[in-house]
Amino acid sequence: MASPDSSTHRVPDEKHHVSGIEETAHEAAERGHAATDRYGNALVHFDPVAERKLRLKIDLMIVPTVALLYLFCFIDRANIGNAKLAGLEKELHMTGYDYNIVLSCFYISYILFEIPANMLCKKIGPGWFIPGTTLLFGICSFGTAFVHNFSAMCGVRFVLGIFEAGMLPGIAYYLSRWYRRSELAFRLSLYIVMAPLAGAFGGLLASGILKLENVGSLHSWRMIFVIEGIITCGLAIIGFFTLTDRPATAKWLTQEERDLAIARVKSERVGTTEVLDKIDTAKMLKGILSPMTLLTSFIFLLDNVTVQGLAFFLPTIVRTIYPKNTVVSQQLRTVPPYIVGAFFTVLVPFASWRLDNRTIFFILSAPFMMTGYIMFLASTEAQVRYGATFLITTGAFSFGALTNAQVSANVVSDTARAAAIGTNVMFGNIGGLISTWAFLPFDTPNYHIGNGLNLATATVILALSIGMLFFVKADNKKRERKDIDSELDGLSDKAIQDLDWKHPAFRWRA
């Protein structure tokens, strides 16, 4: 399955020499053993056929469960847009900016608890944390059906934000325990695609629920929260029995496969002697303050202004385009743009996996969003504006997978990775908070402010992504000139591990 093979080592230059130490996958997987030399060369050669079989096994056992849980995570978050169409505002006597305030309450707690939730996920283990937090936000969604005033709705949405805060970064961190850097973006897309599918499926589900008979005092929009909350709780309970915490505890893998799963991830982390390290403040700060983390996170912030804005306001936008249609018809018209967005959410990260490059797809995606919002601003024709939503979802929806994979690929330790992913998602949800104030009541029906803001964010994404590409190339050239031996001489193993992305053999990944 895995045998020593010096042909896989990078040929060292005159300053660098190969240590001559080679390992089996079993040796590399053991705690205390590094899977790279000090220059970042892998010490193990991996059989590509064995890796492909292992990867497929992990795909089938891990991805479907987290994808299904995230589907209902996003439905429980975004179903308030469908409930609004079904009369939520009128029944709760909400006027003016009340709806925007309700959305903001969710994002305030979501942002505040993002990094703490992901560190808690690392501490107690994703196998327990992910189903547990899913159960809690399912209960919260169910409880939304019983609110009777604006204040109660704000409170429930704030609590929902606390429980949902750990889902997106928690699953991204969880998958980083199983996949190589190049593989991660595509696997992230397989669950993040549930966000646009939640928009499509949520619209279909909501239109179906609205046709059901009332149950006691529960009617119309209240039934949406009850039924979707019950489904979420049921899936969470199943998740407690189906999620495996990490490769070392996977009973559905043989010992040989467990060793391979650990060693191949470890072989990409220069200086690392254990895949799952203890939480350490210095490593956390390395993950949060990495220039690649901060730049990528700001790009995700800008993108999320669009993505989250669509989730909450696409039903409203469709209503302004097709004001004479029935509520059910309006709900159904929100579905096709999400289907297109879902397709590109998977296609773009798949291409990035094959090319092992994410930045180029940041650059290629931004013009689609820019074109869509230019169409919104330039035309009041219903068909043109509806068509623009397809271009926007095409460009915007792949960033969730790409940015989380990018920050994960550009740190070394497990703690730094958990912190970097948490930071990225926190920034993204600051964008979500901004989006709640992008489409304001006085700006209807054309929403010039919201559309202009989103055009600006897409333009800045394009500029920053091009800048990122130049930064990676320039800084890697500077790192090539470093004398690795002289910089590492005299440092203990722990000190070398604590260098993380500052390790002289580390290279930024585009």
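Everything quoted here is computed from the prediction, not taken from an experiment. (Residues numbered from 1 in each chain as written. Predicted model: local features only at pLDDT ≥ 70, side-chain atom pairs only at ≥ 80, totals over all residues. Heavy atoms only, no water.)

Novice: When you look at the overall build of the chain in this model, what are you seeing that I'm missing?
Specialist: A count of helical and extended segments in the chain gives 23 helices and two strands. The buried share of the chain, reckoned over its 510 residues, is 60%. Partitioning the contacts of the chain with sequence separation of at least 6, the portion at a separation of at least 24 is 81%. (Helix = DSSP H or I, 4+ residues; strand = E, 2+ residues; numbered from the N terminus. Buried < 20%, exposed > 50% of the residue type's maximum accessible area, 1.4 Å probe, protein only. Contact = heavy atoms within 4.5 Å.)

Novice: I tried to follow unusual backbone geometry on my own but got confused; where do I start?
Specialist: Most peptide bonds are trans, and most residues other than glycine sit at a negative phi. Of note in the backbone geometry, H93 takes a positive phi value of approximately 55° without being a glycine. For H93, a relative accessible area of 66% corresponds to the exposed category. The backbone of D356 shows a phi angle near 50°, a positive value even though the residue is not glycine. Inspection of the secondary structure puts D356 in the loop between α16 (335–355) and α17 (359–378).

Novice: Can you help me understand the pattern of salt bridges in this one?
Specialist: Pairing between side chains of opposite charge can happen when their charged atoms approach one another. One pass over the structure, following the stated rule, counts 14 salt bridges. D414 serves as the salt-bridge partner of K122, at 2.7 Å between the closest nitrogen and oxygen. Here the residue K122 occupies a position in helix α5 (residues 114–124), and D414 occupies one in helix α20 (residues 414–435), the gap between them amounting to 292 residues. Exposure class is identical for K122 and D414. Each is buried. Residue R358 pairs with D356 through a salt bridge whose shortest N-O separation is 3.6 Å. A relative accessible area of 1% means that R358 is categorised as buried. Using a relative accessible area of 27% as the deciding quantity, one classes D356 as partly exposed. A network of salt bridges, in which partner residues are shared, links E51, R55, R180, E183 and R264. (Salt bridge = Lys/Arg side-chain N within 4 Å of Asp/Glu carboxyl O.)

Novice: I would appreciate a short explanation of helix α7 (residues 150–164) in the present structure.
Specialist: The α-helix winds at 3.6 residues per turn, so residues separated by three or four positions along the chain end up facing the same way. With 15 residues, α7 should reach 21 Å at 1.5 Å per residue; the first-to-last C-alpha distance of 21 Å fits that figure. Those residues of α7 that sit buried are M153, C154, V156, R157, L160, G161 and E164. Down the axis of α7, the smallest arc covering the buried residues is 165°, so these residues share one side. Backbone nitrogen of S151 and a side-chain oxygen of the N-cap are separated by 3.2 Å at the start of α7; the cap is N149. (Expected span 1.5 Å × (residues − 1). Arc of directions from axis to C-beta. Polar contact = N/O pair within 3.5 Å; in protein donor to acceptor, adjacent residues only side chain to side chain.)

Novice: Teacher, can you tell me more about the packing of α16 against helix α18 (residues 382–396) here?
Specialist: The packing of two helices is summarised by the inter-axis angle and the distance between the axes. Close contact between α16 and α18 brings their axes to 8 Å; oriented N to C, the two are set at 25°. Overall, the two elements α16 and α18 adopt an arrangement that is roughly parallel. Between α16 and α18 lies a crossing whose hand is right-handed. Facing α16, whose interface residues are P336, P337, V340, G341 and F344, α18 presents Y386, T389, F390, T393 and T394. For the contact of α16 with α18, the residue count by class is six nonpolar, four polar and no charged. (Axes fitted to C-alpha atoms, helices over the stretch in contact; angles between N-to-C directions. Parallel < 35°, antiparallel > 145°, perpendicular 65-115°, else oblique. Left-handed = near helix turned anticlockwise from the far one by under 90°. Nonpolar A, V, L, I, M, F, W, Y, C, P; charged D, E, K, R; others polar.)

Novice: What should I look at first to understand the packing of aromatic side chains in this one?
Specialist: Between two aromatic rings, the relevant description is the distance of the centres plus the angle of the planes. All chains considered together, the criterion is met by 21 aromatic pairs. Residues Y97 and W437 carry aromatic rings whose centres are separated by 5.9 Å and whose planes lie at 45° to one another, so their mutual orientation is tilted. With Y97 in the loop between α3 (88–91) and α4 (98–112) and W437 in the loop between α20 and α21 (448–480), this residue pair connects regions lying 340 residues apart in the sequence. Taking 5.0 Å as the distance between ring centres and 45° as the angle between the ring planes, the aromatic pair formed by F106 and Y110 counts as tilted. With F106 and Y110 both in helix α4 and four residues apart, this pair spans about one turn of that helix. The pair formed by F106 and Y110 is uniform in burial state, with each residue classed as buried. (Phe/Tyr/Trp six-rings, centres within 6.5 Å; stacked < 30°, edge-to-face > 60°.)

Novice: Explanation requested: the nonpolar core in the structure shown.
Specialist: Side chains of a nonpolar character, in soluble globular proteins, are inclined to be buried together. Core analysis: the largest hydrophobic core is formed by 129 residues, its most contacted members being Y70, L88, L175, W178, L188, Y191 and W221. When residues in this core are grouped by element, the largest group, 17 residues, is from helix α2 (residues 48–85). Look past the residues within four positions of L175 in its chain and what remains in contact with it is I62, L184, R187, L188 and Y191. By size, the runner-up hydrophobic cluster in this structure holds five residues, among which are A206, I209, M223 and I224. (Core = buried A, V, L, I, M, F, W, Y, C linked by side-chain atoms within 4.5 Å.)

Novice: What's the story with the environment of F376 in this structure? I'm lost.
Specialist: Among the structural elements, F376 can be located in helix α17. For the pair F376 and Y447, spaced 71 residues apart in the sequence, the C-alpha separation amounts to 8.6 Å. Apart from residues no more than four positions distant in its own chain, F376 is found in contact with I317, R385, A388, T389, I392 and N451.

Novice: Hey, could you run me through empty space enclosed by the protein in this one?
Specialist: Rolling a probe over the atoms, with the probe sized like a water molecule, indicates the empty space that remains. What the rule picks out here adds up to four cavities of 30 Å³ or more. Looking at the largest cavity, its volume works out to about 150 Å³. Lining the largest cavity we find 17 residues, and of these Y70, I192, F300, N304 and V307 sit closest to its centre. Elements with a minimum of two residues in the lining of the largest cavity: α2, α10 (194–209) and α14 (291–321). The leading source of residues in the lining of the largest cavity is α14, at five residues. (1 Å grid on protein atoms, 1.4 Å probe; cavity = no way out; pocket = protein on both sides within 12 Å on 5 of 7 lines; lining within 4 Å. Points joined across faces, edges and corners; volume = space filled by probe spheres on them.)

Novice: What is the right way to read the side chain of R479 from this model?
Specialist: By the secondary structure assignment, R479 is in helix α21. When its relative accessible area of 6% is taken as the criterion, R479 is described as buried. Those residues in contact with R479 that sit more than four places away from it in its chain are W501, K502, H503, P504, F506, R507 and W508.

Novice: How should the confidence of the model for the chain be read in this particular structure?
Specialist: One rule of thumb: low pLDDT means the predicted coordinates there are not for detailed reading. Mean pLDDT over the chain stands at 83; residues scoring 70 or higher make up 88%. For the chain, per-element mean pLDDT is lowest for strand β1 (residues 2–3), which scores 42, and highest for α17, which scores 93. (pLDDT = per-residue confidence, 0-100.)

Novice: Is there a simple way to explain the side chain of N118 in this structure?
Specialist: Residue placement: N118 occurs in helix α5. The class for N118 is buried, based on a relative accessible area of 0%. Within polar-contact distance, the side chain of N118 engages the backbone oxygen of A418 at 2.8 Å. Ignoring any residue separated from it by four or fewer positions in sequence, one finds N118 in contact with P169, G170, Y173, A418, I421 and G422.

Novice: What's the story with a nonpolar patch on the surface in this structure? I'm lost.
Specialist: On the surface, a nonpolar cluster with roughly 480 Å² of combined accessible area is contributed by Y97, I101, W437, F442 and I449. Along the chain, the position of F442 falls in the loop between α20 and α21. (Patch = residues over 30% accessible without salt bridge, like charges linked within 9 Å, V, L, I, M, F, W, Y side chains within 5 Å. Areas by Shrake-Rupley, 256 points an atom, 1.4 Å probe, with all protein chains shown as cover.)

Novice: Please clarify how the packing of helix α6 (residues 126–144) against helix α11 (residues 220–242) should be interpreted in this entry.
Specialist: Put simply, α6 and α11 touch, their axes get as near as 7 Å, and they point 165° apart. Judged on the interaxial angle alone, α11 and α6 are roughly antiparallel. Here α6 and α11 pass one another in a crossing that is left-handed. Of the residues in α11, those touching α6 at W128, P131, G132, T134, L135, F137, G138, I139, S141, F142 and T144 are W221, F225, V226, G229, I230, T232, C233, A236, I237, G239 and F240. Its residues assigned to classes, the contact of α6 with α11 comprises 14 nonpolar, eight polar and no charged.

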